[in-house]
Structure formats: structure tokens, C-alpha cells
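# Observations on the model geometry
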Amino acid sequence: MMERKLTILYGSQSGTAQDLAEQIWRESKMYFFRGTVLPMDEYDVSELIGERFVVCVCSTYGQGEEPDNMKRFWKFLLRKSLPTDSLQQVHFAVLGLGDSRYPKFNYVAKKLHKRLLQLGGSALLPVGLCDDQHDLGYGAVFLPWINQLWDELGRIVPLPAGTHKLPESPREFRWQVDIVKNHQGMVDREGIDLYADVKMPNGFQTVVVENRRTTAPDHFQDVRMITFEKKVVPWCSGDVLYVRPHNSKESVSQLFEIFHQNEFNLDLHTCVQVKAIDSEMPVPSILQNPLPLVAIAEQYWDLTAIPRARAFAVLAKNCTNELEREKLIEFSRYEGQEELYAYANRPRRTILEVLLDFPHATKSLTLEALFELFQPIKPRAFSIASAVDGGKLQILVAVIEYKTKLSVPRRGLCSHWLKHLQPGNVINAWVRKSTFQLPVDNKTPLVMIGPGTGLAPFRGILQERELSETPTSAPLVLFFGCRSSTADFHCEEDLKRMEQSGMLQLFCAFSRDQPEKVYVQHLIRKEGVLLKKLLVENGGYVLVSGSSKNMPQAVKEALIEAIGDAQHIEQMIQANRYQEETWA
């Protein structure tokens, strides 16, 4: 049989691109391909010339940036010295993960596709542009794209006569997992930090100094200003702090209760060893030593994640109950994505709730299957709300809790973990550059629009200007919005002090303090004279931060109306003088 090698590389910021790359790798086994699946920066890029088939899966971060684990790979590909026929025997396919609310939608994938063509590669199929905004999520583009990939590869390297595609992947599991019987040398569960040896660029350990609620006690939303001791790692205003949360004690107890109900021989003291099956899918460093299962349940598996199609395929595998099995198979297929969306995504059903809904399937799970079923906990990002010179590292966190049609309220994994941190707790964190690029000249006017916790990066920027040796001469304008001047006016003292000193022009929209609702966009519309002067005559910047739902679009429309020139706003976007940093 002809050598069938398919190399799969990914650039992943939050882990989703890695998930999809692994799914392509798993399916490739049904067509008898072999080959590794690796982060781009762990692949020896000089070997690219010798490849025949390569699939790249990459996400776009912020304003068109590539993920951290593909930066070196990308830099190498951009070398001017590379001959334009370097990759002439390479057939490649690029799948991008992005969010169409951002102007640079899937920028990284488009750029990579173009560069591989310039170097002589031939594209197996058009670049796949997955969109987080689609009702069915990334699957809407990914599932048809991957089927097209197998068709195309089947045309170029058909299976030999008499060989047929396998009905399912022989590599059902990434790794082999064994229970370690005598683990006397194990540390107690409290003392284990799975990520202790993982070195992040700009990574550090820090101590919680204060965890203060900034909203009124009777206000519906709990917002926290969390202060950490300042670390040697420097940051700039607008930069982002990343943390990796742990599951709540309730979730961990619930998981072990499910194990107990289903007579799995697994308890808090069970110790496991994860082993590689072959070199194609190595075990991540954090899982290479024998570990107590409780540490994995607390720090590695995301017990609140909404399961993807893959989880339902794993559950269906050995399920003995016909009804459950049919439903699970439907959820795992492309044709069943709308039903899956209605069952899992809309009500935001967690993986633990799914295990309770499908008791027969849960009963037949194995340790290997659990490592397929649970997604790893992804790091979360928060804008830093303080200046380096202030001597404190602070973040502003809205604690997420809301009702769906399910009886138990939905809770944000990370915000609830942060809410319960106590002064003295030590956490691991790292800092990344902001997606905001501030003007080099600090005489350039800044118009900042940050409702709710969108205020965070602007408080950092303003604090930095306030503490700097050279007093700021640029006009600084802030549009802030919240429900009520008495309930959720974050950082009120700071903002009023800056306003009184004359360094800041402050416009506040308190939506519920009067009969008709007033939002930031209403105030923007009224300030046409000021905004025209700052943005059209004086070349100012607009920075927008906050929820990505309707606010960014409403703000853009209000600005167009205020200055009366849609084209000027478009030119500002092109010139990077209009920037958004928003989150779902």
C-alpha cells in the first residue's frame, strides 16, 4: 500500500483548534493515513518541504493575531529567502477558526493559505472559515469541510483495490489509561498543582491581596475588583491577565457521585497513569506522571463545559440501550447539529448533566473514554484594570450566573472560582499584550467606550496617564454605562477624581435611573460637535470594550450618526484608529 502520510498542525489560543485538529487526525485513521498532530511551534518546520499532505488548523486572536503556539512557525514561513517553489510537492488544506464580529475575521487562516500558495504549495480545497457567530458554531463549516477533504485526498491517493474506508476510527482514544495500584509516593491532593511546571511566556505566581465586591449588596449582579500583589512581570495599560480556573468542589463531588452510582471503581484516592499509544499522539507533560484522579477532576477536566458532537460519539460507542444510542448518534452527526444545539447549547447544558441524562451510556464508559469526553479547562482572559506604577495588579470580574430552562442556574466556571478566592491564596497567571494598540504620541485624543466591566482596560490606561511624570495633554474622553449610579458605578471615585482634575471628560449612561433607558450610544449621538473635533479634525482614536452582543454595532452606528460620516469611520477601522476588544 502506498505510503499514506498526513501531517496535521494547529495554532490554538484556547484549545478549540487543537480539538478540531485531533478530530481530523482521528478520522484520518479510517482512510489508513498515519502522521502526527502537533502545535505548529513544536513541528520542525524545515521538514515541511518533504511533506506531501499537510492540514493546518488555526484560530485568529483579537485584531488578527496568530496564536502563541504558531508564532515561530509563521515567522519562519515569512522569510524572504525561501524560494517560491519550496513547497511544490506539498498539498495543503487550511481551516480557520474566527469570529465574524471582528473586522479581521479569520485573518490568520487567510494569510497562511496565501503564503503556502506563494511558496508553491497546492491547495486541496478552499480555506475553511469557521465562524463562532454561526448558530451551529464551528461545526457548520467544519463538518462539510472535513468531508470534502477526505473526498479530495481520496481522489489524489485512492485506497488500493479491495481496501475500503473503515466504518469508524480504529483510534477511538488518544491514550491508554491505567489505574496505579500501589501509589504510596503520591503527594496529598491538596499539594498537587498540575500546571506547576508549565512555563508560560510572562508567567508568574501571585497572591490575592483583596477580593472586593464593587456592586451594591442588593444589586442583581456581583462584580468583583480582585487585587493581586504586583509581580516582576511588567505589563502595559490595556494588557490582559490569563488565569486557569479550577472546578468547584460541588462539581467535583457530583462527578465522583456519578462514578459511585455507576459502580465505577474510581474514588478520590484512585491514582492513574496516562500512557501514549504511539508517537502520533504524545501525552501532554502535565499528565505524564501518576496522578490522583481528583487532581485531574479539579484542574484538568472542564466539568462545566457544554459538550461538542465528539462527546456524544464517545457516549454512543458502547451504549447498550437502543433509544439512548440512537439519540447520541444523532447528536454526533452533521445532520443532527440543530437538535444538538437545541439540547446542549441553547440551555447551556453541562457535560455532567449530559451524563445524568444518558445513564446507560454513562455506565459503559471507561477511563480512556473519560479523557475523550471531558475537554481540558481552557485559560480565561481579563483586561488588567490598573497601571504598573499603581503597584497593584487588578482585574474587574462580573460573576456569571443566569437562568435557562434548566432548573439549576448556569454559573461561569472562572468567575465563580475567582469570586471564592481569599486573600493569601496563590494562583498561577500570565500576561499577554493587549489587542489594543494605543497611539505612540500621547497627544492623540482617545475616545474610550466601555460599558460595565468593559471599563477595565480604560481604568488601566487612565491610571497610567494620571501617574505618569509628563502630564497628559491629549483630550481623554470616556463613555461609561451601567444600570444605576448607586448600584454598579465601578471605580466611581477614580473616575470622578480624574474628571475633577480636568484630565478626563466623563459621560455616564445610567440605564435604569430614569423612566426611559439611556445607553452609551444615546450619549454618543448627542456629542457630535466634540466627537467631530476629536476624531475628524484631530485624528483621535476610538477604543471600544465590553460585551460583544449588540453594543459594538450600536456604538458604531451612533458614532457614524454623531460625526455624520460613515466613510470616515470605515477609514478609521482600516487605519487601526478604531479598535474593539469584546467578549461573549
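This structure is a prediction, so every number in the text was calculated from the model and none was measured. (Residues numbered from 1 in each chain as written. Predicted model: local features only at pLDDT ≥ 70, side-chain atom pairs only at ≥ 80, totals over all residues. Heavy atoms only, no water.)

If you want to describe how two helices pack, look at the angle between their axes and the distance between the axes. Where helix H17 (residues 528-537) meets helix H18 (residues 551-563), the closest approach of the two axes is 8 Å, and the angle between their N-to-C directions is 95°. Classified by the angle their axes make, H17 and H18 are roughly perpendicular. Side by side, H17 and H18 meet where Gly528, Leu531, Lys532, Leu535 and Val536 of the first sit next to Leu559, Ala562 and Ile563 of the second. Considered class by class, the residues forming the contact of H17 with H18 number six nonpolar, one polar and one charged. (Axes fitted to C-alpha atoms, helices over the stretch in contact; angles between N-to-C directions. Helix = DSSP H or I, 4+ residues; strand = E, 2+ residues; numbered from the N terminus. Parallel < 35°, antiparallel > 145°, perpendicular 65-115°, else oblique. Contact = heavy atoms within 4.5 Å. Nonpolar A, V, L, I, M, F, W, Y, C, P; charged D, E, K, R; others polar.)

Taking strand neighbours across the sheet as the criterion, the six strands line up as E13-E10-E17-E8-E9-E14 in an open arrangement whose pairing is antiparallel. Either end of the sheet is taken by a strand with one partner, and the two such strands are strand E13 (380-383) and strand E14 (392-398). Strand-to-strand, the axes of this sheet are offset by a mean angle of 40°, without reference to chain direction. Where strand E8 (residues 203-213) and strand E17 (residues 426-432) come together, five bridges link them in antiparallel fashion. Bridge pairing in E17 places glycine 203 opposite tryptophan 430. (Pairing = 2+ DSSP bridges.)

Ordered by their spatial adjacency, five strands build an open sheet running E20-E19-E18-E21-E22, and the pairing between neighbours is parallel. Of all the strands in the sheet, just strand E20 (505-510) and strand E22 (578-583) have a single pairing partner and so form its edges. Strand-to-strand twist across the sheet, computed as the mean angle between neighbouring axes with direction ignored, equals 10°. As paired elements, strand E19 (residues 476-482) and E20 share six bridges and run parallel to each other. Residue pairing for E20: glycine 481 is matched across the bridge by alanine 509.

Below, the discussion takes up the pairing of E8. Sheet topology note: the E8/strand E9 (residues 223-229) ladder contains five bridges and is antiparallel. For arginine 212, the partnering residue across the bridge sits in E9 and is methionine 225.

Moving on to the nonpolar core. By size, the foremost hydrophobic cluster in this structure holds 83 residues, and its most contacted members are Ile24, Val57, Leu149, Tyr300 and Trp301. Broken down by element, the residue count for this core peaks at seven residues, all from helix H4 (residues 139-156). When residues no more than four places from it in sequence are discounted, the contact partners of isoleucine 24 are Ile8, Val55, Val57, Phe142, Trp145, Ile146, Leu149 and Trp150. Grouped together as the second largest cluster of nonpolar side chains are 27 residues, Leu455, Leu476, Cys482 and Leu543 included. (Core = buried A, V, L, I, M, F, W, Y, C linked by side-chain atoms within 4.5 Å. Buried < 20%, exposed > 50% of the residue type's maximum accessible area, 1.4 Å probe, protein only.)

What follows covers the UniProt feature "domain: Flavodoxin-like" (unreviewed entry) in the protein. As annotated in UniProt, the feature "domain: Flavodoxin-like" (unreviewed entry) corresponds to residues 6-150 in the numbering used here. Annotation note: span residues 6-150, helix share 30%, strand share 20%, distance between end C-alpha atoms 11 Å. (UniProt positions renumbered as here; feature names shortened; annotations may be inferred.)

Of the positions making up helix H8 (residues 322-332), those classed as buried are Glu324, Leu328 and Phe331. Along the axis of H8, the buried residues cluster in a sector spanning 60°; they form a single face. Residues of H8 that are exposed and point more than 90 degrees away from the buried face comprise Leu323 and Glu326. Taken together, the buried residues of H8 touch helix H7 (309-317), helix H9 (337-345) and helix H11 (359-363). Capping of H8 at its N-terminal end is provided by asparagine 321; its side-chain oxygen lies 3.0 Å from the backbone amide nitrogen of leucine 323. (Arc of directions from axis to C-beta. Polar contact = N/O pair within 3.5 Å; in protein donor to acceptor, adjacent residues only side chain to side chain.)

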